[in-house]
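# Report on the structure
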Amino acid sequence: MNREEMVAIGRIVGTFGFKGTLKIAPLTDFPERFKKLKKVRLCGSKINMEFEVEEAREHNNLYLLKFKGIESKEEAAKYKNAFLMIDESEVYPLPEGYYYHFQLKGLEVYDEEKGFLGELTDILETGANDVYVVVSEQYGEILLPAIKEVIKEVDLKNNKMEVKLLPGIID
């Protein structure tokens, strides 16, 4: 598995008990996936290893996972702050018109009137709706509200997003 084609679904925040169980903070909208997980890759600054999942259960808004080959609290502690990664192909399907952030980052953004604006580089999560950050050579940084009045079409196959700018977004 190529690390760039992987998605983080959790982060190890500590250990639990003495038999090598790890506490996982979910980074997914589908934490129930941990109970069905068979294998996962742990990635961190000095870690990039695949593990088989022996057991998974919920515990106080966290998940407790036991991996084959990690048998002690001391061994488990080495993995603190590592991310649990899965291949992009293993993400849960979303309803039509909804996308994961990793799918949108890097899209070329085109306005109906102005043409090519730039590349979607970041997504800001706000209370009401997400805001897409587009870096444009011509217009600088453009902040697009992720609402249907602005986002007209997302074409992942062609790496393209069509938008209709609201008045005042670009002066």
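Anything mentioned here points back to the structure above.
A brief structural summary. (Residues numbered from 1 in each chain as written. Predicted model: local features only at pLDDT ≥ 70, side-chain atom pairs only at ≥ 80, totals over all residues. Heavy atoms only, no water.)

Moving on: unusual backbone geometry. Although it is not a glycine, asparagine 60 adopts a positive phi angle of roughly 50°. Structurally, the position occupied by asparagine 60 is in the loop between β4 (48–59) and β5 (62–67). Take asparagine 60: its relative accessible area is 63%, and that puts it in the exposed class. Non-glycine residue asparagine 81 carries a positive phi angle of around 75°. In this structure, asparagine 81 sits in the loop between α1 (73–77) and β6 (83–87). On the basis of relative accessibility, which here comes to 44%, the residue asparagine 81 falls in the partly exposed class. (Helix = DSSP H or I, 4+ residues; strand = E, 2+ residues; numbered from the N terminus. Buried < 20%, exposed > 50% of the residue type's maximum accessible area, 1.4 Å probe, protein only.)

This next bit is on the pattern of salt bridges. Throughout the structure, instances matching the rule amount to eight salt bridges. Across the pair glutamate 54 and lysine 66 runs a salt bridge, and its minimum N-O distance is 3.9 Å. With glutamate 54 in strand β4 and lysine 66 in strand β5, this pair connects stretches of sequence that are twelve residues apart. A residue is classified by how much of its surface remains accessible, and lysine 66, at 9% relative accessible area, is buried. Residue lysine 160 is joined to glutamate 162 by a salt bridge in which the shortest nitrogen-to-oxygen separation is 3.2 Å. A single salt-bridge network, built from bridges that share partners, covers Lys39, Arg41 and Glu50. (Salt bridge = Lys/Arg side-chain N within 4 Å of Asp/Glu carboxyl O.)

With that out of the way, let us pick up the environment of phenylalanine 83. Along the chain, the position of phenylalanine 83 falls in strand β6. Setting aside residues no more than four positions away along its own chain, phenylalanine 83 makes contact with Ala8, Gly10, Arg11, Leu27, Arg41, Leu42 and Cys43. (Contact = heavy atoms within 4.5 Å.)

Let us now look at the side chain of threonine 21. Tracing the sequence through the fold places threonine 21 in strand β2 (residues 21–26). Among the residues examined, threonine 21 registers a relative accessible area of 12% and is labelled buried.

What follows is about the environment of arginine 57. By the secondary structure assignment, arginine 57 is in strand β4. Put simply, arginine 57 and glutamate 112 are 55 residues apart on the chain and 49 Å apart in space, counted from C-alpha to C-alpha. Leaving out residues up to four positions away in the same chain, arginine 57 has contacts with Phe16, Leu62, Tyr63 and Leu64. In terms of polar contacts, arginine 57 uses its side chain to reach the side chain of glutamate 55, at 3.1 Å. (Polar contact = N/O pair within 3.5 Å; in protein donor to acceptor, adjacent residues only side chain to side chain.)

Once that is clear, we can look at the packing of aromatic side chains. To describe a pair of aromatic rings, one takes the distance between the centres and the angle between the planes. As enumerated under the stated definition, the model contains six aromatic pairs in all. For the ring pair phenylalanine 34 and tyrosine 63, a centre distance of 5.0 Å and an interplane angle of 35° mean the geometry is tilted. Note that phenylalanine 34 is positioned in the loop between β2 and β3 (39–43) and tyrosine 63 in strand β5, a separation of 29 residues in sequence. Each member of the pair phenylalanine 34 and tyrosine 63 is classed as buried. Look at phenylalanine 51 and phenylalanine 67: their rings are 5.6 Å apart centre to centre, the planes differ by 35°, and that puts the pair in the tilted class. Residue phenylalanine 51 is found in strand β4, and its partner phenylalanine 67 is found in strand β5; the two are separated by 16 residues along the sequence. An identical accessibility class is assigned to phenylalanine 51 and phenylalanine 67; each is buried. (Phe/Tyr/Trp six-rings, centres within 6.5 Å; stacked < 30°, edge-to-face > 60°.)

Strands pair in a sheet through their backbones, by hydrogen bonds, and they do so in one of two ways: parallel or antiparallel. In space, the six strands of this open sheet follow the order β10-β9-β8-β7-β12-β11, with mixed pairing throughout. A strand with exactly one partner marks an edge of an open sheet, and here the two such strands are β10 (140–145) and β11 (151–155). On average, each strand axis in the sheet is tilted by 35° relative to the strand beside it, whichever way the strands run. (Pairing = 2+ DSSP bridges. Axes fitted to C-alpha atoms, helices over the stretch in contact; angles between N-to-C directions.)

Turning next to the sheet that holds β3. Taken together, six strands build a closed barrel; the order of strands is β1-β2-β5-β4-β3-β6 and the barrel is antiparallel. Ignoring which end each strand starts from, the neighbouring axes of this sheet average 50° apart. Bridge count between β4 and β5: six bridges; the pairing is antiparallel. Residue pairing for β5: glutamate 55 is matched across the bridge by lysine 66.

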